[in-house]
Amino acid sequence: MSLAGPGLPIGILAELTHRCTLQCAYCSNPLELLKADRELGTDDWVSIFRQAADLGILQVHLSGGEPTLRRDLPTLIETLAARGVYTNLITAGVGVDAPLVETLRAAGLDHVQISFQGARPETTELIGRLKGAHERKLAAARAVRDAGLPLTVNAPIHRHNIDEVELFIELALELGAERLEIANVQYYGWALLNRATLMPSRAALERQIAVVEAARERLRGVLAIDFVAPDYYARYPKACMGGWARDAFMITPDGTAMPCHGAASIPHLVFDNAARVPLADIWARSPAFEAYRGTAWMKEPCRSCDRREIDFGGCRCQAMMLAGDAAATDPACSLSPLNDRINAIARDEAQGEAPPFRYRRIGAAREPA
Ligand code: SF4
Ligand code: FES
């Protein structure tokens, strides 16, 4: 097919459900979680995934919530695998046993990413709020490796586990993972609500970076370690989603197609539903996808900056949240006039006493702190 304007997308993050076995206080799902009765059915997802393959999508990340709570997961994987699309299951691992792994492998699953809330059982239980979660994750990871599937260990990092980074590296090695993601929490959704308890100090961040750099050197060719820096301490922002509607997008459990996780927080954007509008049309013509695509929408200092096609001005949703303008430079950038403000937020919150977690569950965000 030919599309005028944007290039073709290569990846989709498919959030199949917001249901989850855990209640992590930094979840990237929206504060208003969708109940099971709002989820698309199997036929809709199959149709979307067939269209995705026709559009040239190379990889689909099957996520949630907890995607293994969808009974039709093997069917969805089969649909994608039959069309040669690479599938990555993003799971918390709780409830993923050897028979399920074997079923998913047989359906054509290519890769599994399991998140660990802590490198120690007590940390995993505190953050995910589920007794016995750590052991169940270890069993899931072993089942993945026993099935011959490649494994990534994902470690979301914040104040309560930043000193476990060395242990996360040992854990990934012990589990035979190919890759470890040391991903400092980004402050959207539930993480923004819990920012004051999650924010690490700069000193802890510097210790973490030293550990990661030494391990990368020591484990070259053994374990790939990805590192996602925390926005609030960065010099330059990340290229969120690799640039707005540039080569990837996401679909929520009810079929809403959005350029990124947080796009619903930008009030003037209107989104199409992938169960009703063809995916190719959404990609090429959705006004929400067009809004911040490329660089023409940029204001100064991004407009004349050498990095504008490297980080695409950072994160639009963070600009909306912190600057009140989705077209502003991401305040995480040291060139933003608001950068001092987020540095001060990070310093003050990291120094303050950590408030209790507000755990992720339906309705919790509307309750008083
Ligand atoms: Fe990126 Fe804009 Fe900052 Fe330049 S000014 S580094 S383009 S966010
Ligand atoms: Fe929306 Fe970063 S989360 S652009």
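Residues numbered from 1 in each chain as written. Chains lettered and ligands numbered in written order. Predicted model: local features only at pLDDT ≥ 70, side-chain atom pairs only at ≥ 80, totals over all residues. Heavy atoms only, no water.

1. Some remarks on the overall build of the protein
Within the protein, the secondary structure is distributed over 13 helices and nine strands. Taken over the C-alpha trace, the protein has a radius of gyration of 20 Å; the compact-globule value for 369 residues is 21 Å, and the two agree within 12%. Over its C-alpha atoms, taken along the principal directions, the protein stretches across nearly 50 × 50 × 45 Å. A burial count over the protein gives 53% of its 369 residues as buried. The long-range share in the protein, meaning contacts at least 24 apart out of those at least 6 apart in sequence, stands at 72%. Of the accessible surface of the protein, which amounts to about 15,800 Å², a share of 51% is contributed by carbon and sulfur atoms. (Helix = DSSP H or I, 4+ residues; strand = E, 2+ residues; numbered from the N terminus. Rg over C-alpha atoms; globule rule 2.2 N^0.38 Å. Buried < 20%, exposed > 50% of the residue type's maximum accessible area, 1.4 Å probe, protein only. Contact = heavy atoms within 4.5 Å. Areas by Shrake-Rupley, 256 points an atom, 1.4 Å probe, with all protein chains shown as cover.)

2. Here's the deal with the UniProt feature "domain: Radical SAM core" (unreviewed entry) in the protein
Those places that UniProt annotates as "domain: Radical SAM core" (unreviewed entry) correspond, in this numbering, to residues 6-223. Split by type, residues 6-223 is 42% helix and 16% strand. Its first and last C-alpha atoms lie 35 Å apart. (UniProt positions renumbered as here; feature names shortened; annotations may be inferred.)

3. A closer look at the environment of valine 185
With respect to the helices, strands and loops of the structure, valine 185 is situated in the loop between strand E6 (179-184) and helix H7 (189-193). Linking valine 185 and cysteine 302, residues 117 residues apart in sequence, is a C-alpha distance of 25 Å. Leave out the neighbours within four places in its chain, and valine 185 touches Tyr26, Pro156, Ile157, His158, Ala191 and Leu198.

4. Notes on the nonpolar core
Phe49, Leu62 and Leu279 are the most contacted members of the largest nonpolar core, which totals 85 residues. Of the residues forming this core, the biggest block, seven residues, is contributed by helix H1 (residues 42-55). For this core, the domains that each give at least three residues are domain 1 (11-228) and domain 2 (240-336). Residue contacts for leucine 62: discarding those within four places in its chain leaves Ala14, Leu16, Phe49, Pro67, Leu73, Ile77, Leu80, Thr87, Asn88, Leu89 and Ile90. Ala92, Val94, Val185 and Ile345 belong to the second-largest nonpolar core, a separate cluster that totals 24 residues. (Core = buried A, V, L, I, M, F, W, Y, C linked by side-chain atoms within 4.5 Å. Domains from an automatic or database assignment.)

5. Concerning the side chain of threonine 329
Here threonine 329 shows up in the loop between helix H12 (316-323) and helix H13 (339-351). Residues contacting threonine 329, with those up to four places away along its chain left out, are Glu300, Pro301, Cys302, Gly313, Ala319 and Ser336.

6. Some details on the site of ligand 1
Residues in close proximity to ligand 1 include Tyr236, Pro237, Pro301, Cys302, Cys305, Arg307, Arg308, Asp311, Gly313, Thr329, Cys333 and Leu335, which together make up its full environment. Residue composition of the shell around ligand 1, grouped by class: seven nonpolar, two polar and three charged. (Near = heavy atom within 4 Å. Nonpolar A, V, L, I, M, F, W, Y, C, P; charged D, E, K, R; others polar.)

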